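# Topology and contacts: notes
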Amino acid sequence: MRSVERKMNAMALPPIIPLEVLFGNPDRLNVRLSPDGAAIGYIAPDEGVLNVWIRSLAGGDDRPVTHDRHRGIREFFWAYDGKHLLYLQDRDGDENWHVYAADLKTGEVRDLTPFENVQAHPLAVEPERPGEILVALNREDPHLHDVYRVRLDTGECELAAKNPGDIVGWDVDWHLNVRGGTAQREDGGTEIRLLEGGEWRTLLSAPFGESIGALGLTPDERGLYVVSSLGSDTQRLLTIDLETGEQSVVASRPDVDYDGGAVVHPTKHHVQAVPFTRARREWQFLDPDFERDFTAAQSLAHGEAELVSRDREDRLWIVAFSSDTDPVKYYLFDRAQGQGRYLFSQNRALEDAELAPMQPVEITTRDGLTLVCYLTLPKGVEPVRLPMVLNVHGGPWHRDYWGLDPEAQWLANRGYACLQVNFRGSTGFGKAFVNAGNREWGGKMHDDLIDAVNWAVAQGIADPERIGIFGWSYGGYAAMVGMTFTPEVFAVGVAGVGISNLVSWYRSLPPYWEPLRAQLDLRVGSAETEEEFLKSRSPLFHVHNIRNPLMIAQGANDPRVPRAEADQMVEAMKSRGIPVKYLLFEDEGHGFARPENRLTFYREAERFLAGVLGGRTES
């Protein structure tokens, strides 16, 4: 009877969405207006590899300005000299990013940070100094990033600010001067410091468990925009006077944190709007003119609108619209005319696909916490006793959001319910919620996932005999925890770039994570003083409990979760005669950037899940 039921359900599902459409290269993304408003830049495939393209506003003259033929480019920004585009690239996923300048006329590419085994973080380009960029480099000490001023035309590189030993983030003004930074203390606390006349002064201090960070100077340069949880459970956007330390609240909500991505005027430098997200994103407007124009722009399409780029004169905007059942669509909006026009979508093929809605749901844990989750159900079939995949987000200090999630659509299209859980430790829901995850890797954080599964079963949505667990990074760790700690719950698991042994992982962290080690000690545990505790929370030491199929995927060059984490788990399973499927990609890091590798992974994962849970496959 069960096989007949599955066959009937498969017949009722919408047509198969090809893996190439879901996980291949998008058509266009990261769309950015040039500072003068004369051109649009974006990332798109060129001979199958993602590169940077430009076009006029009218279009029809699109051309690539980079010509990578291997790993592709995913992040770029305009320089203010009118001559260059700048972009980032690493080597096969090693995360030693280099900053490159591409000449818009000649096509010549210059590596602005040509240093081996050095990681570059671009900090700022500004119109006052159009021929320069500030870049943070761990050139002198692999543990610390200093700030360098680099010329775009010659590549000349000079030290602009020396790291005193504990700065993990730099603050730069619109004159392209270093004004301070965020320091990580040895006790796990955080400080916002100002750099004045070569001397450092602490402006704001927070103990471990609190969150503070600088957003930028206020327009009069007498204050600093600061994100802070001090005096509140949730992160608020404040201003703090640089001389007196007086604080004023700019925007806040009692139920959720400031969500990042505040809209700041490009030349007047004041905050115009602030986003907050519980289940869906909502805006608090601080500038009436901006609110008027943004409201007009929102009428161009359905979905959640976001201002992703604008010219220096603030005349033209690029607005992106996100939806759970439509690819991101980009519009050009003219503020003066109050009108806009459609440019293109991120993935044209998905416009024709039958996509499944993503439904926000709230689930209560066994100890009374509320988890904001997202449920995506297959179309065309009754949501009764379906096979389900628990898709666990990475971080873990991150969160799931509403929108078009390719993995959720893939799973739903193949016949699975997909449940995504913002378990304790996830960000966005206040410091108490984040701190509830301290020292709970493989503990209460995993209990939350089990509680979510039990909710889906109790609702009649999920078949308790056909539950899978899937995830990347922390989600990969969670998948291995699920298969080893609660093998009775999960019929199958897929773990991507996941930690198998918290002790070996702790001892192999990249050097530039060293300033954050005190935070890791307090949030996860210390391998130096609590080895047995970390072993108790590590899947590697519970391999003997595995009773159902597990698939592991790894990038060989991953600096965050080294290859050894996958190798030792696979070896431990094989030595006990436990079957395991292992995919190792020699040219990838923490996640798979090359489309051919992504497609290989998802094709194998699809077959692996279907072999146990009974869902559909493309072929």
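Preceding this paragraph is the structure being described.
Residues numbered from 1 in each chain as written. Predicted model: local features only at pLDDT ≥ 70, side-chain atom pairs only at ≥ 80, totals over all residues. Heavy atoms only, no water.

So, about the overall build of the protein. Looking only at helices and strands, the protein has twelve helices and 35 strands in total. What you see for the protein is a C-alpha radius of gyration of 24 Å, in line with the 25 Å of a compact globule of 619 residues. Overall size of the protein, expressed as C-alpha extent along the three principal axes, is 70 × 60 × 45 Å. Counting only residues that meet the buried cut, the protein has 58% of its 619 residues in that class. In the protein, 53% of the contacts between residues at least 6 apart in sequence involve partners at least 24 apart. Within the structure as shown, the protein displays about 24500 Å² of accessible surface, and the carbon and sulfur contribution to it stands at 48%. Side chains of the protein give 64 positive and 92 negative charges; the mean places of these two sets differ by 4 Å. (Helix = DSSP H or I, 4+ residues; strand = E, 2+ residues; numbered from the N terminus. Rg over C-alpha atoms; globule rule 2.2 N^0.38 Å. Buried < 20%, exposed > 50% of the residue type's maximum accessible area, 1.4 Å probe, protein only. Contact = heavy atoms within 4.5 Å. Areas by Shrake-Rupley, 256 points an atom, 1.4 Å probe, with all protein chains shown as cover. Lys, Arg positive; Asp, Glu negative; His and termini not counted. Charge placed at Lys NZ, Arg CZ, Asp CG, Glu CD.)

Moving on: the sheet that holds strand β16 (residues 199-206). Read from one edge of the open sheet, four strands run β13-β14-β15-β16, paired in antiparallel fashion. The open sheet is flanked by β13 (167-172) and β16, the only strands paired with a single partner. The mean angle between the axes of side-by-side strands here comes to 25°, regardless of whether they run parallel or antiparallel. Inspection of the sheet shows β13 paired to strand β14 (residues 178-184) by five bridges, in the antiparallel sense. Paired with Trp170 across the two strands is Gly181, which belongs to β14. (Pairing = 2+ DSSP bridges. Axes fitted to C-alpha atoms, helices over the stretch in contact; angles between N-to-C directions.)

Take the pattern of salt bridges next. Per the stated rule, a full pass over the model turns up 54 salt bridges. Of the charged contacts, one joins Asp314 and Arg310 as a salt bridge, the two residues approaching to 3.1 Å between their closest N and O atoms. Note on accessibility: Asp314 and Arg310 belong to one class, buried. Connected through salt bridges with shared partners, the residues Asp289, Arg292, Asp293, Arg310, Asp314 and Arg335 form a single ionic network. (Salt bridge = Lys/Arg side-chain N within 4 Å of Asp/Glu carboxyl O.)

Spatially, β17-β18-β19-β20 is the arrangement adopted by the four strands of the open sheet, whose pairing is antiparallel. The open sheet terminates on both sides in strands that have one partner only, identified here as β17 (212-217) and β20 (247-251). Neighbour to neighbour, the strand axes of the sheet diverge by 30° on average, direction disregarded. Relative to strand β18 (residues 223-228), β17 runs antiparallel, the two being bridged by five bridges. Its bridge partner lying in β18, Leu217 is registered against Leu224.

As a further point, take helix α11 (residues 563-575). Between the first and last C-alpha of α11 there are 18 Å, a value that for 13 residues agrees with the 18 Å anticipated at 1.5 Å per step. In the core, the buried residues of α11 are packed alongside α7 (474-485), α8 (502-506), β34 (550-555) and β35 (581-585). One or two steps after α11, the chain reaches Gly577, where phi turns positive at roughly 75°. (Expected span 1.5 Å × (residues − 1).)

Residues Trp410 and Phe601 are the most contacted members of the largest nonpolar core, which totals 110 residues. In terms of residue count, the dominant contributor to this core is helix α12 (residues 595-613) (eight residues). Each residue touching Trp410, except ones within four places of it in the same chain, is listed here: Leu19, Leu22, Phe23, Phe470, Tyr602, Ala605, Glu606 and Leu609. By size, the runner-up hydrophobic cluster in this structure holds 30 residues, among which are Leu29, Leu57, Trp78 and Leu343. (Core = buried A, V, L, I, M, F, W, Y, C linked by side-chain atoms within 4.5 Å.)

Here we take up the side chain of Asp405. Note on placement: Asp405 falls in the loop between β30 (386-392) and α4 (406-413). Within the buried set, Asp405 has no salt-bridge partner at all; the shortest N-O distance to an opposite charge, 11 Å, is to Arg399.

The next thing to look at is the packing of helix α6 (residues 444-458) against α7. If you want to describe how two helices pack, look at the angle between their axes and the distance between the axes. At a minimum axis separation of 11 Å, α6 and α7 run at an interaxial angle of 75°. Taken together, α6 and α7 sit at an angle that is classed as roughly perpendicular. Between α6 and α7, the contacting residues are Met445, His446 and Leu449 on the first element and Tyr474, Ala478, Val481 and Gly482 on the second. Split into classes, the residues belonging to the contact of α6 with α7 amount to five nonpolar, two polar and no charged. (Parallel < 35°, antiparallel > 145°, perpendicular 65-115°, else oblique. Nonpolar A, V, L, I, M, F, W, Y, C, P; charged D, E, K, R; others polar.)

So, about the pairing of strand β32 (residues 462-472). A large share of β32 lies buried, amounting to nine of its eleven residues. Two strands pair when backbone bridges link them, and β30 and β32 are joined in this way by six bridges, in the parallel orientation. Each bridged residue has a counterpart across the sheet, and for Val389 the counterpart in β32 is Gly468. One ladder, built from five bridges, connects β32 with strand β33 (residues 492-496); its direction is parallel. Residue pairing across strands places Gly468 opposite Val492, the latter belonging to β33. Regarding the hand of the β-α-β motif, the stretch spanning β32, α7 and β33 is right-handed. (Right-handed = clockwise from strand over helix to strand, strands pointing away.)

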